[in-house]
Amino acid sequence: MDRTAALIVAAGRGVRAGGDTPKQFAMLGGVPVIARAVDALAGLPVFVVIAEGQQALLAQALNGRTVAGVVIGGAERQDSVRAGLAAVLGHAERVLIHDAARPLLPWAVIERLTAALDSADGAVPVLPVADSVARLSLGHDTNSLELGDAVDRTDLYRVQTPQAFRLDAIMMSHLRWSGPPATDDAQVAQAAGFRVAMVAGDPALNKITHAEDFARAEALLARTMVSRSAMGFDVHRLETGEALWLGGILIPHTHGLSGHSDADVALHALTDALLGTIGDGDIGSHFPPSDPQWRGASSDRFVTHARDLIVARGGRIDHIDLTIICEAPRIGPHREAMRSRLGELLRLRPSQISIKATTTERLGFAGRGEGIAAQAIATVTAGIEL
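Criteria and cut-off values
- Just so you know, the residues in each chain are numbered from 1, in the order the chain's sequence is written.
- With the structure being a predicted model, the display of local features is reserved for residues of pLDDT at least 70 and the display and counting of side-chain atom pairs for 80 or more, all residues being used for whole-chain, interface and lining totals.
- Neither water nor hydrogens contribute to the side-chain values; these are computed over all heavy atoms in the structure.
- The numbering of helices and of strands both runs from the N terminus, where a helix is a DSSP run of H or I of at least 4 residues and a strand a run of E of at least 2.
- Only protein chains enter the area calculation, which uses a 1.4 Å probe; residues under 20% of their type maximum are buried, those over 50% are exposed, and those in between are partly exposed.
- A contact between two residues is defined here by any heavy atoms of the two lying within 4.5 Å.
- With residues, only the protein chains shown are counted as cover, and all accessible areas are computed by Shrake-Rupley using a 1.4 Å probe.
- When charges are counted, neither His nor the chain ends are considered; positive counts come from Lys and Arg and negative counts from Asp and Glu.
- We put the charge of a Lys on NZ, of an Arg on CZ, of an Asp on CG and of a Glu on CD.
- Angles here are taken between N-to-C directions and fall from 0 to 180 degrees, while the axes themselves are lines fitted to C-alpha atoms, restricted in helices to the stretch in contact.
- Every angle not falling under 35 degrees, over 145, or within 65 to 115 is termed oblique; those three ranges are roughly parallel, roughly antiparallel and roughly perpendicular.
- Note on convention: near helix rotated counterclockwise from far helix by under a right angle means a left-handed crossing. Clockwise means right-handed.
- Pairing of N or O atoms within 3.5 Å defines a polar contact, subject to two protein rules: one partner must be a possible hydrogen donor and the other a possible acceptor, and residues neighboring in sequence count only if both atoms are side-chain atoms.
- Side-chain rings of Phe, Tyr and Trp (the six-membered ring for Trp) are treated as a pair once their centres are within 6.5 Å; stacked means planes under 30 degrees apart, edge-to-face means over 60, and tilted covers the remaining angles.
- For salt bridges, the criterion is a side-chain nitrogen of Lys or Arg within 4 Å of an Asp or Glu carboxyl oxygen.
- In plain words, nonpolar cores are sets of buried Ala, Val, Leu, Ile, Met, Phe, Trp, Tyr and Cys residues tied together by side-chain atoms within 4.5 Å.
- Working rule for helices: expected span equals 1.5 Å times residues minus one.
- Put simply, a patch holds well-exposed residues, over 30% relative accessible area, that have no salt bridge, with like charges counted together within 9 Å and Val, Leu, Ile, Met, Phe, Trp or Tyr side chains within 5 Å.
- Residue polarity follows a fixed list, in which Ala, Val, Leu, Ile, Met, Phe, Trp, Tyr, Cys and Pro are nonpolar, Asp, Glu, Lys and Arg are charged, and the others, Gly among them, are polar.

## Remarks on the overall build of the protein chain
And then number 1: In terms of helices and strands, the protein chain carries 12 helices and 19 strands.
And then number 2: In terms of principal-axis extent, the alpha carbons of the protein chain reach across some 90 × 40 × 40 Å.
And then number 3: The 386 residues of the protein chain split such that 50% are buried.
And then number 4: Across the protein chain, every contact between residues at least 6 apart in sequence was considered, and the portion connecting residues at least 24 apart equals 71%.
And then number 5: Just so you have it, the protein chain exposes about 18100 Å², and 52% of that area is on carbon and sulfur atoms.
And then number 6: Charge centroids of the protein chain, computed over 36 positive and 43 negative side chains, lie 1 Å from each other.

In structure tokens:
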């Protein structure tokens, strides 16, 4: 995966889906379609191709999500793909070309595609055609349509995206193409003489084209998503001469927290809660305190790492609840700054973030002002396969 980038083609106008907003920016399960596509490819450098004039729509839809690049597409899909591939050059050796209109992308499909590139120039996900297939026949009065001859469906497959390619192969294929606009990139690669393998696709990748496809996708989401919650807890000692990082912000105080990283006890508890939702160990297993590279490191990195692991497995962070336990400093004046910072790190709205503070009535280490503790609960909506 470290040699692979993703290219999401989202430059269409989406008129067949209805509404005033292009379908790639419309909501699906409370999240814009394009944002779901980006989330499904988290962990890879993602380049997004949009139409001129859609920059503001994209920024609003991504809501803080970071992408490797935003490219302005052309009149035809192939023009957009070429522009996107030019942006990817130098960043990867392999590329996944994906349609934004297929946002429910299982990570297992990505793994099958990248594995297939070990022995082929390209790979596409496919599903066998299950329905009977027939040709169209004009009626006797030429104004009606009639059922024509049946077509043998034995060797027929529905081709989906993302489609995976060696970057040099697909770039060369597009530069050589001289025919009419192709319906997908696999055709372009095959025409240039490259071998394209087939791997198992997934019904979740059915394309959103018409308004009724949104209802189908919403129903699929409801059937395949479950809610998980997990808790994290952490404690750090207060010492003089240390900076006080708490909840992702620097707070002026007479003492700071001591630890191997920046000792942000709130973000450490939150990281453990996030990792707990996917059963992936704790902060120490991912960032061992014995490893010198994490000495003084910003705890922002720990939180975003846990976030990306959740997203890569098809999860979505729904809500976090953080309680900070200390006598001082007072948390109230800094609460909104913390919520804003956590919203940036986790790509959440303020309404999805709860930050509370309490004391121990001067009992114990926190009550004596010797340290600060934090407790966090994270709730994640995730695919059943998670």
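Now that the structure has been shown, we can carry on.
## Digging into the packing of helix 1 (residues 33-40) against helix 2 (residues 55-62)
And then number 1: Contact pair helix 1 / helix 2: the axes reach a minimum separation of 8 Å and the direction vectors enclose 60 degrees. Comparing their axes, helix 2 and helix 1 come out oblique. Judged by the twist between their axes, the crossing of helix 1 over helix 2 is right-handed. For the pair helix 1 and helix 2, the contacting residues are Ile-34, Ala-35 and Val-38 in the first and Leu-58, Ala-61 and Leu-62 in the second.

## Topic: the side chain of Thr-323
And then number 1: Mapped onto the fold, Thr-323 is located in strand 17 (residues 316-325).
And then number 2: Here the side chain of Thr-323 touches Lys-356 through a polar contact of 3.4 Å, side chain to side chain.

## Points about the packing of aromatic side chains
And then number 1: Across all of its chains, the model carries 3 aromatic pairs by this definition.
And then number 2: Ring centres of Phe-287 and Phe-302 lie 4.4 Å apart, and the angle between their planes is 35 degrees; this geometry places the pair in the tilted category. Of the two residues, Phe-287 is situated in the loop between helix 9 (283-286) and helix 10 (300-312) and Phe-302 in helix 10; the sequence distance between them amounts to 15 residues. Of the two residues examined, Phe-287 and Phe-302, each falls in the buried class.

## Considerations on the pattern of salt bridges
And then number 1: For the structure on display, the rule yields 17 salt bridges.
And then number 2: Linking Asp-79 and Arg-82 is a salt bridge whose minimum nitrogen-to-oxygen distance equals 3.2 Å. Taken together, the positions of Asp-79 and Arg-82, both in helix 3 (residues 77-88) and 3 residues apart, correspond to about one turn of that helix.
And then number 3: The partly exposed category is assigned to Asp-79, whose relative accessible area is 31%.
And then number 4: Close ionic contact of Asp-121 with Arg-166 constitutes a salt bridge, the shortest N to O distance being 2.2 Å. Within this pair, whereas Asp-121 is found in the loop between helix 4 (107-116) and strand 7 (122-128), its partner Arg-166 is found in strand 11 (residues 163-166), the two being separated by 45 residues in sequence.
And then number 5: You can call Asp-121 buried: its relative accessible area is 17%.
And then number 6: For Arg-166, a relative accessible area of 27% translates into the label partly exposed.
And then number 7: A single network of salt bridges, built from pairs that share partners, joins Arg-77, Asp-99, Arg-102 and Asp-185.

## Remarks on the nonpolar core
And then number 1: Ranked by internal contacts, the top residues of the largest apolar core, which has 37 residues, are Leu-246, Leu-270, Leu-274, Ile-324, Leu-342 and Ile-372.
And then number 2: When contributions to this core are tallied by element, the ones reaching two or more residues are helix 8 (265-277), helix 10, strand 17, helix 11 (335-346), strand 18 (353-358) and strand 19 (371-383).
And then number 3: Of the residues forming this core, the biggest block, 8 residues, is contributed by helix 8.
And then number 4: Sequence-distant contacts of Leu-274, defined by excluding residues within four places in its chain, comprise Val-303, Ala-306, Ile-310, Ile-317, Leu-346 and Ala-378.
And then number 5: Ranked by size, the runner-up nonpolar core spans 31 residues in total, among them Ala-6, Ala-37, Leu-105 and Ala-120.

## So, the environment of Leu-274
And then number 1: Within the secondary structure, Leu-274 is located in helix 8.
And then number 2: When the C-alpha atoms of Leu-274 and Ala-306 are compared, they prove to be 6.1 Å apart, with 32 residues separating the residues in sequence.

## Remarks on helix 8
And then number 1: If you check helix 8, its first and last C-alpha atoms are 19 Å apart, about what 13 residues at 1.5 Å a residue would give, namely 18 Å.
And then number 2: Burial of helix 8 is extensive: 12 of the 13 residues sit out of reach of the surface.
And then number 3: All buried positions along helix 8 are accounted for by Val-265, Ala-266, Leu-267, His-268, Ala-269, Leu-270, Thr-271, Asp-272, Ala-273, Leu-274, Leu-275 and Thr-277.
And then number 4: In the segment just after helix 8, Gly-279 is the residue with positive phi, at about 60 degrees.

## Regarding a nonpolar patch on the surface
And then number 1: A surface patch of nonpolar side chains, about 240 Å² in accessible area, is lined by Phe-233, Val-235 and Phe-365.
And then number 2: Within the secondary structure, Val-235 is located in strand 13 (residues 225-239).
And then number 3: Val-235 sits in the partly exposed class, given a relative accessible area of 34%.

## Overview of the packing of helix 8 against helix 10
And then number 1: It is at 9 Å that the axes of helix 8 and helix 10 come closest, and there the two elements cross at 15 degrees. With respect to their mutual orientation, helix 8 and helix 10 come out roughly parallel. Judged by the twist between their axes, the crossing of helix 8 over helix 10 is left-handed. Residues Leu-267, His-268, Leu-270, Thr-271, Leu-274, Leu-275 and Thr-277 of helix 8 form the contact with helix 10, whose participating residues are Asp-300, Phe-302, Val-303, Ala-306, Leu-309 and Ile-310.
And then number 2: The residue inventory of the contact of helix 8 with helix 10, partitioned by class, reads 9 nonpolar, 3 polar and 1 charged.

Geometric descriptors of this kind do not, in isolation, establish any biological role.
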